[in-house]
Every structure is written in structure tokens, then in C-alpha cells.
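Examination of the molecular architecture
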Amino acid sequence: STNRTHHATHLGFYKKMTNNYFWNTESVIEFGGGYGNMARIIRKMNQDITYIIIDLPELLALQYTYLGSLEGESEINIVNIDNPNIVKSKINLVPSDLVYKGKISVSAESFISTWALSECPEYLQEFVSSKSFFGATRLLLASFIDNNNKLKIKNIKKEIVPFLDGNHEYWTR
């Protein structure tokens, strides 16, 4: 699909900009997981990865349906108040409001967001940034550069996304 090609392009740019494969890590947090396609690609490359998607409940339901049908429901862990634990080597679906309210704690070596974070309200951008991207040392952000994007990140490589107009950038570390 074009979406899969688009996500593969993001991962290719990460490799180009950092000389590392994004999936060569033990854990990933994806902020805004769409229907789950990026998780599927990364899990194809590293089946042992602990993958955490932070999103709205409506989209978590879509991700559960999509990823559960392809990966198997046993590979999905729904994180909530009654089940607050992240399960290693699984896809963990976490409601964003529980993370924001401090009811669920998450961390990972790597953080990815393709457009979602720069589309969020300023308070969520500030929250994720204040949490140092949940402890991630590796970042892959595809960001809109407009008045809504309030992200200010130090020690980051930036590059214009060549196949989109000039107000889209990759931010990597």
C-alpha cells in the first residue's frame, strides 16, 4: 500500500541520517500509531521488540483489530488501569490520557512519531518533550513545520522531507 511505502521511506531516511536501522533496539514507543502499519513493519524486522503505541482509545481499537488479525491476538497487550504493565516482546496498546495523567508509566530506547506529535495540542507536545520522549535515546520524528508545532529539541539532526512541500522535516537522533 502507499501507506506502507510511506512508512518504509521514513525508516529509510532514519538509516540515511543516523547510519542505524530503527528496529535495532529492544523497545519502541510510537506516539500516534495510525492503524498499526509502522508497528507491523518494525515487528517484521525485529520480532522480539517490545512495541508500545500511545494513542486515543478509538485508534487503539483499530490497531487491535488490524494488528491482532495479522500478528495474532496473543501478540497484543491492552494496557489500562486494570492491566498497567508493559509486556516484553509484545505490541502494547496504551491510551494517551492514562500516560498524560500519570496513571501508566512507559519508557523505551526508541521513540517514533510520524506527524502525530506535531499535530497534537501544545500541552501534549510539551508533555512528551518534558518526559524526554519517555527516556528514548533514539528519535524518529516526521514533523510539520507550522504554527502548531511547538517542539523544541536539542541535539537533533533535521532534514527536509524531499517528497513533500518544504514545511515537513525529519528529526532524528
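The rules behind these values
Residues numbered from 1 in each chain as written. Predicted model: local features only at pLDDT ≥ 70, side-chain atom pairs only at ≥ 80, totals over all residues. Heavy atoms only, no water. Helix = DSSP H or I, 4+ residues; strand = E, 2+ residues; numbered from the N terminus. Polar contact = N/O pair within 3.5 Å; in protein donor to acceptor, adjacent residues only side chain to side chain. Buried < 20%, exposed > 50% of the residue type's maximum accessible area, 1.4 Å probe, protein only. Pairing = 2+ DSSP bridges. 1 Å grid on protein atoms, 1.4 Å probe; cavity = no way out; pocket = protein on both sides within 12 Å on 5 of 7 lines; lining within 4 Å. Points joined across faces, edges and corners; volume = space filled by probe spheres on them. Nonpolar A, V, L, I, M, F, W, Y, C, P; charged D, E, K, R; others polar. Axes fitted to C-alpha atoms, helices over the stretch in contact; angles between N-to-C directions. Contact = heavy atoms within 4.5 Å. Parallel < 35°, antiparallel > 145°, perpendicular 65-115°, else oblique. Left-handed = near helix turned anticlockwise from the far one by under 90°.

Tracing the sequence through the fold places Gln125 in helix α6 (residues 122-130). Within the structure, Gln125 has its side chain in polar contact with the backbone oxygen of Asn148 (distance 3.0 Å). Within the structure, Gln125 has its side chain in polar contact with the backbone nitrogen of Leu151 (distance 3.3 Å).

A separate point is the pairing of strand β4 (residues 91-95). Where burial is concerned, most of β4 is hidden: five out of the five residues are buried. Pairing geometry for strand β3 (residues 76-78) and β4, over three bridges, is parallel. The partner of Ile76 across the bridge, within β4, is Ile91.

On to the layout of surface pockets. The calculated volume of the largest pocket comes to roughly 250 Å³. Lining the largest pocket are 16 residues, with Phe31, Asp55, Leu56, Ser96 and Cys120 positioned closest to its centre. The dominant element in the lining of the largest pocket, judged by the number of residues it contributes, is helix α4 (residues 96-100), at three residues. When its residues are assigned to classes, the lining of the largest pocket shows ten nonpolar, four polar and two charged.

Quick look at the sheet that holds strand β1 (residues 27-31) now. Read from one edge of the open sheet, eight strands run β3-β4-β2-β1-β5-β6-β8-β7, paired in mixed fashion. For this open sheet the edge positions go to β3 and β7 (157-160), each flanked by a neighbour on one side alone. Put simply, the sheet's adjacent strands are angled 20° from each other on average, direction ignored. In this structure, strand β5 (residues 110-114) lies alongside strand β6 (residues 138-144), joined through five bridges in parallel fashion. Looking at the pairing, Thr114 lines up with Ala142 of β6. Strands in contact with helix α1 (residues 2-18) are β5, β6, β7 and β8 (168-172); relative to β8, the strand with the most contacts, it is inclined by about 55°. On top of the sheet, helix α2 (residues 37-45) reaches β1, β2 (50-55), β4 and β5; it is set at about 175° to β2, its chief contact.

This paragraph deals with the packing of α1 against α2. Where α1 contacts α2, the two axes come as close as 10 Å, and the packing angle between them is 60°. As judged from the angle between their axes, α1 and α2 are oblique. The two elements α1 and α2 meet at a crossing, and its hand is right-handed. Of the residues in α2, those in contact with Asn3, Arg4, His7, Ala8, His10 and Leu11 of α1 are Asn37, Met38, Arg40, Ile41 and Ile42. Class assignment of the residues belonging to the contact of α1 with α2 gives a composition of five nonpolar, four polar and two charged.

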